[in-house]
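Summary of structural features
So the chains spell out like this:
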Amino acid sequence: MQQLYTVQDMEEAIRGKLRLNYGISEKDVNEEYLFKACALVLRDMMALHGAETMERVERAHERRVHYLSLEFLMGRSLMKNAYNLGVLEAMNGAIENMGFKSADIFEMEPDAGLGNGGLGRLAACYLDSMTTLGIPATGYSLCYELGIFKQRIVDGQQVELPDDWKAVGGAWLIAKPEEREEVHFGGKLREVWRDGHLHVVHEDYNTVIAIPCDMEIAGYGTDHVNTLRLWEARSPRTLDMALFSSGQYVRATEEQTMAQTITKILYPNDEHMEGKSLRLKQQYFFVSATVQSLVRKHVEVYGTLKNFHEKNVIQINDTHPAMVIPELMRILMDEAGYSWNEAWEITRNSVAYTNHTVLSEALERWPQTLIESLLPRIWQIIDEIGKRYQKSVEEFFHHNNAITEKMAVVWGGEVRMANLCIAGGSAVNGVSALHTEILRTDVFREACQMEPAKFKNVTNGIDHRRWLAQSNPGLHALICDLTGGDSYLLQPMELQKLDQYAGDAQVLARLGSIKRENKEAFARSVKRGSGVVLNTDGIFDVQVKRLHEYKRQLLNVMQIIASYQQLHDDPNRDFTPHVYLFGAKAAPGYKVAKDIIRLINALARQIDSDPLCRGKLQVVFLENYCVSLAEKLMPAAEVSQQISTAGKEASGTGNMKFMMNGALTIGTLDGANVEMHDVLGDENMFLFGLHADEVADMKRGGYDPSLFYQRDETLRRVVDQIRDGFGGVRFEELYERLLYNRYGAADEYMLLADFAAYCDAEHRMVAAYQDAEHWNRMSLHNIARSGIFAADRSVAEYADTIWNVNHK
Ligand code: 26Q
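Residues numbered from 1 in each chain as written. Predicted model: local features only at pLDDT ≥ 70, side-chain atom pairs only at ≥ 80, totals over all residues. Heavy atoms only, no water.

**With respect to the site of the ligand**
As a structural note, the neighbourhood of the ligand is formed by 22 residues, with E271, H356, N460, E649 and G652 the closest of them. Between the ligand and the protein, one listed contact pairs an oxygen atom with a backbone N or O atom of A650 at 3.3 Å. Sorting elements by how many residues they give to the shell around the ligand places helix α6 (residues 118-132) first, with three residues. A class-by-class count of the residues in the shell around the ligand yields six nonpolar, nine polar and seven charged. (Near = heavy atom within 4 Å. Polar contact = N/O pair within 3.5 Å; in protein donor to acceptor, adjacent residues only side chain to side chain. Helix = DSSP H or I, 4+ residues; strand = E, 2+ residues; numbered from the N terminus. Nonpolar A, V, L, I, M, F, W, Y, C, P; charged D, E, K, R; others polar.)

Have a look at this one:
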């Protein structure tokens, strides 16, 4: 593919947008308008390619992938799209010609933060890879007015601010009101006999209109363009007026307000299911609009739904879109007239489900009564699915009551979405080898015994073009020099070639200086943003991810406190300068997580004000961790903290971003860390701690954290210090959770059991850091072997083993 765009062409196109779309004359151009004008130019290019792609796919009658996710954490798009379209240089030149700095224009763009963390970012990386691999795919989600909240730290505590991303970020969206769909809530069911069949008629429902706002997605080195379709909820104005004039004022306004709130805000909790009715409305609104839209398009091309499953596959990102199953059944039966068995065959063969968590509090369970009143027809269908599935389970397991209960779709007045997805889909996959093993042998053990072929693994991956080539241009340049070009961009396994340079002192030194420059660039950016001055002579030791107890940010804090105490015990001992960087958002209602943020900030302040620590020890909490901050941070990181309790982190994807940028991992054998270890060996990462099976065994045997507390004096001092806090702020609740916890298991995530091993890993890491050449060699191996964690590989596996579609 060749884009013949010169700087002049680009400048002309941008000026055209400024004049025609915004009525802006030369002297009134500012950065915001310039950003939007650039976005519009690229949007046009993509829309053109998108239409061509569509025609091609329709002519070839290819099977299409529909990736359904309540989250797409897209981040910024201007640089990404210009890069993928091959016009980045032309655009940079045009911007400079117009008297602006392109870096400033990129900084204008707000992150499209339509996701919480890993699951949402994964969807975004996969869209890039699906497009680059030429797979006909559409992403579907909601067009939240407010994305993930902006985090401020005030007096050491998290404060949430609304994220109004659309005012500027909306420049990428093309609203298509002609393609709107109607979604129905509430109402009553009536059964009627027609043509010798029993039909279900849904009446007296509330209507919400779904308007698609499309964001085009350009692939790298291809003309293929896919679409991310974001649904916006609107009230049906004209229908409202009818209700209004018939005297049903209250109902009319009810519809109005309900409609508008559905896509108002992204739920900010991850790894924790909140059973709010608005969330259920979001999920059904999303699913119903999407299924109707893709059924409509299928019928336009084929004139029938008989072959729907042959031409479409619906991948659901966790159980959040699980209602696609009953919704597709409903449309096939109630609208297209298929029998249950015919509809079931089509539905089952169209849907595949990815599981992202084994935490029981994150598994979705919805009250039957809520579904029944909000979605009466969907409830009927779910109930029927449950009954039929239960029959097959009882037959297979000879009426084992415990198994019947565990595998039930409906039980004790609740609908279990994971079991619904297992029953109603053709594939279930975990997101790392270990995670899939836990699904097969524990969480979904019996379902897997019944249908073993259904259960698959696809280890997660990341968009290496965004997370390496674009965010770390210095490293990209080195890779190009050493591998003889940029072919790794489409063949990520070519990174392996770097391994040959493990003995090349010059290459290792260059790698070291790239990291040094990236640290300095990051430090400048932090200084600009917050005034904080980072000590670039220290090890950049980073833990960035959502704040959750299982991810064990608190364990990291405990090690830092131990180190701080040692420094006080012996101020003259050798001390390698160390900068601990944290970034994490806590779900607004998650008190413990917010306390941990407060603790990190209190510790950071204490250390900052302690002259003994100057130039030696620094702790910094980076406000508002988000995609665009991660892009600046990853290239500067030297140590990657991946220290979750083994068995709890499904995969992790931050771990892969760090590895690809040459940071060394301190981690447990959890999630994809296991597969990192497979390629790196003990000698290129710092493993520690209990293994997943040991965690399970220890829990069964009655884990008692106080034994560790009594035995280990260093640990005892640390835990006591948490209780006493810093600067007058005490953390008794955290202390109690570690030792006694009145509410559940004490130290549920086994920080005390892993503490000593963790400290030892940190010491091994610091010792290794003393030998710069050795360190850089390990770093080189990490980069060289990270190709397997490219999303292109993951997506190709989905295409081959689950979707059955062709790809490059
Ligand atoms: C569910 C119901 C109601 C409200 C919210 C939710 C909800 C929202 C988001 C539940 C879970 C999530 C997010 C989960 C998530 O991000 N999981 C991560 O997925 C990554 C991609 O596979 C993995 O790498 C991480 O290990 C996993 O934690």
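**Details of the packing of aromatic side chains**
Under the counting rule described, the total for this entry stands at 16 aromatic pairs. An angle of 80 degrees between the planes, with centres 5.8 Å apart, marks the rings of F185 and Y284 as edge-to-face. On the criterion of sequence distance, the pair formed by F185 in strand β8 (residues 181-185) and Y284 in helix α10 (residues 277-302) is long-range, its members being 99 residues apart. For F185, a relative accessible area of 1% translates into the label buried. An angle of 45 degrees between the planes, with centres 5.0 Å apart, marks the rings of F688 and Y758 as tilted. On the criterion of sequence distance, the pair formed by F688 in the loop between β25 (686-687) and α28 (692-700) and Y758 in helix α32 (residues 751-769) is long-range, its members being 70 residues apart. Judged by its relative accessible area of 6%, F688 is buried. In this structure Y758 comes out as buried when scored by relative accessible area, which is 0%. (Phe/Tyr/Trp six-rings, centres within 6.5 Å; stacked < 30°, edge-to-face > 60°. Buried < 20%, exposed > 50% of the residue type's maximum accessible area, 1.4 Å probe, protein only.)

**Let's talk about the sheet that holds strand β22 (residues 617-621)**
Strand order in the open sheet made by the six strands is β22-β21-β20-β23-β24-β25, with parallel pairing throughout. Of all the strands in the sheet, the pair left with one neighbour each is β22 and β25. Of the strand pairs in this sheet, strand β20 (residues 539-544) and strand β21 (residues 578-583) are connected by six bridges, and their pairing is parallel. Paired with F540 across the two strands is V579, which belongs to β21. The strands that helix α33 (residues 772-784) touches are β23 (639-642), β24 (664-667) and β25; relative to β24, the one it contacts most, it runs at about 85 degrees. (Pairing = 2+ DSSP bridges. Contact = heavy atoms within 4.5 Å. Axes fitted to C-alpha atoms, helices over the stretch in contact; angles between N-to-C directions.)

**Topic: the packing of helix α22 (residues 505-530) against α33**
At their nearest, the axes of α22 and α33 sit 9 Å apart, and the two run at 85 degrees to each other. As summarised for this structure, α22 and α33 are arranged roughly perpendicular, according to the angle between their axes. Residue-level contacts link A505, V507, L508, L511 and G512 of α22 to E773, N776, R777, S779, L780 and I783 of α33. Classifying every residue of the contact of α22 with α33 by side-chain character gives six nonpolar, three polar and two charged. (Parallel < 35°, antiparallel > 145°, perpendicular 65-115°, else oblique.)

**Examining helix α23 (residues 553-569)**
Along its 17 residues, α23 runs 25 Å from first to last C-alpha, staying within 8% of the 24 Å computed at 1.5 Å per residue. With 14 of its 17 residues buried, α23 lies for the most part within the structure. (Expected span 1.5 Å × (residues − 1).)

**As for the side chain of N419**
The residue N419 is located in helix α17 (residues 417-424) in this model. Of the polar contacts made by the side chain of N419, one reaches the backbone oxygen of A408; its length is 2.8 Å. Excluding anything up to four places from it in sequence, N419 contacts K406, M407, A408 and V409.

**A look at the layout of surface pockets**
Estimated volume of the second largest pocket: approximately 960 Å³. Among the elements that make up the lining of the second largest pocket, the one with the highest residue count is α28 (seven residues). For the lining of the second largest pocket, the residue count by class is 20 nonpolar, five polar and 14 charged. (1 Å grid on protein atoms, 1.4 Å probe; cavity = no way out; pocket = protein on both sides within 12 Å on 5 of 7 lines; lining within 4 Å. Points joined across faces, edges and corners; volume = space filled by probe spheres on them.)

**Observations concerning the pattern of salt bridges**
Taken as a whole and judged by the stated rule, the model has 58 salt bridges. The closest approach of N and O atoms between R15 and E11, which form a salt bridge, is 2.9 Å. Placement of the pair is R15 and E11 together in helix α1 (residues 7-22), with a separation of four residues, close to one helical turn. The closest approach of N and O atoms between R190 and E203, which form a salt bridge, is 2.6 Å. In this pair, R190 sits in strand β9 (residues 188-194) while E203 sits in strand β10 (residues 197-203), placing the two residues 13 residues apart along the sequence. The exposure class assigned to R190 is partly exposed, which follows from its relative accessible area of 39%. Its relative accessible area of 25% is what places E203 among the partly exposed residues. (Salt bridge = Lys/Arg side-chain N within 4 Å of Asp/Glu carboxyl O.)

**Some words on a nonpolar patch on the surface**
A contiguous nonpolar surface patch, about 200 Å² in accessible area, is contributed by V154, V159 and L161. Within the secondary structure, V159 is located in strand β6 (residues 157-161). In this structure V159 comes out as partly exposed when scored by relative accessible area, which is 32%. (Patch = residues over 30% accessible without salt bridge, like charges linked within 9 Å, V, L, I, M, F, W, Y side chains within 5 Å. Areas by Shrake-Rupley, 256 points an atom, 1.4 Å probe, with all protein chains shown as cover.)

**Considerations on the state of the cysteines**
Scanning the entire structure with this criterion turns up zero disulfides. C125 takes part in no disulfide bond, and the closest cysteine sulfur, belonging to C626, lies 15 Å away. With no disulfide partner, C448 has as its closest neighbouring cysteine sulfur the one in C421, 16 Å distant. C448 gets classed as buried once you look at its relative accessible area, which sits at 11%. (Disulfide = S-S within 2.5 Å.)

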